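If you want the building blocks of each chain, they are given just below.
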Amino acid sequence: MLNGKNIVVGVTGGIAAYKAADVVSRLKKLGANVYVIMTEHSTKFIQPLTFQSISQNYVVTDMFEDPKTWDVEHISLAKRADCFLIVPATANIVGKVAHGIADDMLTTTLMATVAPVFFALAMNTKMYENPIFKNNVATLERYGYHMILPESGRLACGDVGAGKLADPEHIVQAVVAYLSRERRMTGKRVLVTAGPTREPIDPVRYITNHSSGKMGYAIATEALNEGAEVILISGPTGLTPPPNATFIAVESTQDMYDAVMAHLDVDVIIKAAAPADYKAQSISDQKIKKESEDLTLSFVKNQDILKAVGKIKTHQILVGFAAETTDVEAHAKKKLLEKNLDFIVANDVTVEGAGFNGDTNIVTLFEKEGHSTSYECLHKNEVARIILDKVIERF
Ligand code: PMT
């Protein structure tokens, strides 16, 4: 089932480290080549020799030991891997990777890889519920890392709650399912827009909106996971683009328009961005001084990028979003028609858990043929999957 797949297993320092031996053994039995990297802390819980015997490969623990081959070890493993599996994944490794810390063999190798990475989480319940940890997990998920969630039960520390390492069988199943999953968008080119745009007023000020880019980046990541070639055109966000996407950074709506128009040679266009609809009629050369009690600025309409694409599109599947505050259905259906879309993803941005900034969204998909489907509050990654399922149905 995993014949010839190269899987790098990272073992970190938690009490569940001994269960990683079972995971390695199962992966081997399924035909994978398994390479184990242990953190120094993990060697306090279990010996490298255990993993060496089971994996039949040399186990790396020390970044600075004499190299066994002439390859730069962390780069060669990072390149060779079809998949990384961190088991158990402690709060410490999650925090380090989420913050780009690369101070040992495992973290440097993880930093250097573009292979999918799974974290099989295991820790004390209070650590698992700690908002700092939750935030780090959310950061990693946004970058496209996969989490294998822990189970609830009695933990080694005596506490009862969530944090127990998932059953080794389930951990292996998650990896098998991912590696044998059909890449349904292989050979397809997908253009995604994300984030806000900024319209300058003077050299120090601009108008913008609350878009964080999370929705668009989640779609780009999922399309990459489905094997697509992805172009991500993004306004300014605090996010790091997914590795492997062709990334084009833009500022204003006009910049986004130009970038989109230059990349129409794709199969799918998904416009999750929130471009500013208006721009200042004139941009002051100097900082506007606060001399008068009030200030009136004039704005003129920006290009409607989606509408312009809808007019000239040929074969492309065109997907828009509708960010609404009232009459969601009526407004969304109007945009669907006016912009010549295949379907539109409507979200009421006034509802808790939907729209701007958060990790979740609540959407209804309206299709040009007339059907619509509403979804409950879901993580933006899941919303992205739903959107791509709909696109794939249309191929
Ligand atoms: O980025 P996040 O924080 O994750 O938030 C996600 C989101 C709320 C931004 C996203 O879910 C969303 O609703 N995106 C569309 C925002 C928007 O501009 O909606 P709209 O109803 O104003 O525009 C309709 C469609 O036209 C959108 O696909 C938009 O990208 C597009 N548009 C709008 C204006 C413009 N000048 N050109 C466009 O192409």
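Residues numbered from 1 in each chain as written. Predicted model: local features only at pLDDT ≥ 70, side-chain atom pairs only at ≥ 80, totals over all residues. Heavy atoms only, no water.

Novice: What is the right way to look at the pairing of strand E1 (residues 6-11) in this model?
Specialist: Moving residue by residue along a regular strand, the side chains alternate between the two faces of the sheet. For E1, a buried count of six out of six residues is recorded, marking the element as mostly surrounded by other parts of the structure. On E1, burial covers both faces: Asn 6, Val 8 and Gly 10 on one face and Ile 7, Val 9 and Val 11 on the other are all buried. Summarising the sheet, E1 and strand E2 (residues 33-38) pair through six bridges and their orientation is parallel. Looking across to E2, one finds that Val 11 is bridged to Met 38. Between E1 and its parallel partner E2, the chain crosses via helix H1 (residues 17-29), and the hand of that crossover is right-handed. Two strands pair when backbone bridges link them, and E1 and strand E3 (residues 83-89) are joined in this way by four bridges, in the parallel orientation. (Buried < 20%, exposed > 50% of the residue type's maximum accessible area, 1.4 Å probe, protein only. Helix = DSSP H or I, 4+ residues; strand = E, 2+ residues; numbered from the N terminus. Pairing = 2+ DSSP bridges. Right-handed = clockwise from strand over helix to strand, strands pointing away.)

Novice: Even after reading the chapter, I still don't get the side chain of Thr 90, so can you show me in this structure?
Specialist: Along the chain, the position of Thr 90 falls in the loop between E3 and helix H4 (91-98). Thr 90 sits in the buried class, given a relative accessible area of 11%. Residue contacts for Thr 90: discarding those within four places in its chain leaves Thr 12, Gly 13, Gly 14, Ala 122 and Met 123. (Contact = heavy atoms within 4.5 Å.)

Novice: Would you take a moment to explain the site of the ligand for this structure?
Specialist: Of all residues adjacent to the ligand, which total 28 residues, the nearest are Ser 211, Ser 212, Lys 335, Asn 347 and Asn 357. Lys 339 is positioned with one of its side-chain polar atoms (N or O) 3.0 Å from an oxygen atom of the ligand. When the ligand is considered free in solution it has 760 Å² of accessible area, and contact with the protein chains removes 96% of it. More than half of the atoms belonging to the ligand lie within 2 Å of the grid points that define the largest pocket. Elements represented by at least two residues in the shell around the ligand include exactly helix H9 (214-225), helix H11 (305-312) and strand E16 (317-324). Within the shell around the ligand, the residues separate by chemical class into 11 nonpolar, 10 polar and seven charged. (Near = heavy atom within 4 Å. Polar contact = N/O pair within 3.5 Å; in protein donor to acceptor, adjacent residues only side chain to side chain. Areas by Shrake-Rupley, 256 points an atom, 1.4 Å probe, with all protein chains shown as cover. 1 Å grid on protein atoms, 1.4 Å probe; cavity = no way out; pocket = protein on both sides within 12 Å on 5 of 7 lines; lining within 4 Å. Sits in = over half its atoms within 2 Å of the grid points. Nonpolar A, V, L, I, M, F, W, Y, C, P; charged D, E, K, R; others polar.)

Novice: When you look at the sheet that holds strand E13 (residues 268-271) in this model, what are you seeing that I'm missing?
Specialist: Neighbouring strands of a sheet are bound in pairs by backbone hydrogen bonds; such pairs are parallel or else antiparallel. If you walk across this open sheet you meet the eight strands as E12-E11-E8-E13-E16-E17-E19-E20, and the pairing is mixed. Looking at the sheet topology across the chains shown, the edges are occupied by strand E12 (246-249) and strand E20 (372-374). Neighbour-to-neighbour, the strand axes of this sheet turn through a mean angle of 15°, independent of strand direction. Direction of pairing for strand E19 (residues 363-367) relative to E20: antiparallel, over a ladder of three bridges. Note on E20: the bridge partner recorded for Thr 364 is Ser 374. (Axes fitted to C-alpha atoms, helices over the stretch in contact; angles between N-to-C directions.)

Novice: I keep staring at the pattern of salt bridges and nothing clicks. Help me out?
Specialist: Two side chains with opposite charge may pair up if their charged atoms get near one another. Counted by the stated rule, this structure contains 22 salt bridges. Note that Arg 184 and Glu 226 form a salt bridge whose closest N and O atoms lie 2.7 Å from each other. Taken together, the residues Arg 184 in the loop between helix H8 (168-179) and strand E8 (189-194) and Glu 226 in the loop between H9 and strand E11 (229-234) connect sequence positions 42 residues apart. Glu 226 sits in the buried class, given a relative accessible area of 4%. Between Asp 304 and Lys 339 there is a salt bridge, and its shortest N-O distance comes to 2.7 Å. Of the two residues, Asp 304 sits in the loop between strand E15 (299-301) and H11 while Lys 339 sits in the loop between helix H12 (328-338) and strand E17 (343-348), which places them 35 residues apart along the sequence. On the basis of relative accessible area, Asp 304 is assigned to the partly exposed category, the value being 32%. Relative accessible area serves as the criterion here: at 14%, Lys 339 is assigned to the buried category. Bridged by salt links that share partners, the residues Lys 313, Asp 342, Glu 367, Lys 368, Glu 369, Lys 390, Glu 393 and Arg 394 form one connected network. (Salt bridge = Lys/Arg side-chain N within 4 Å of Asp/Glu carboxyl O.)

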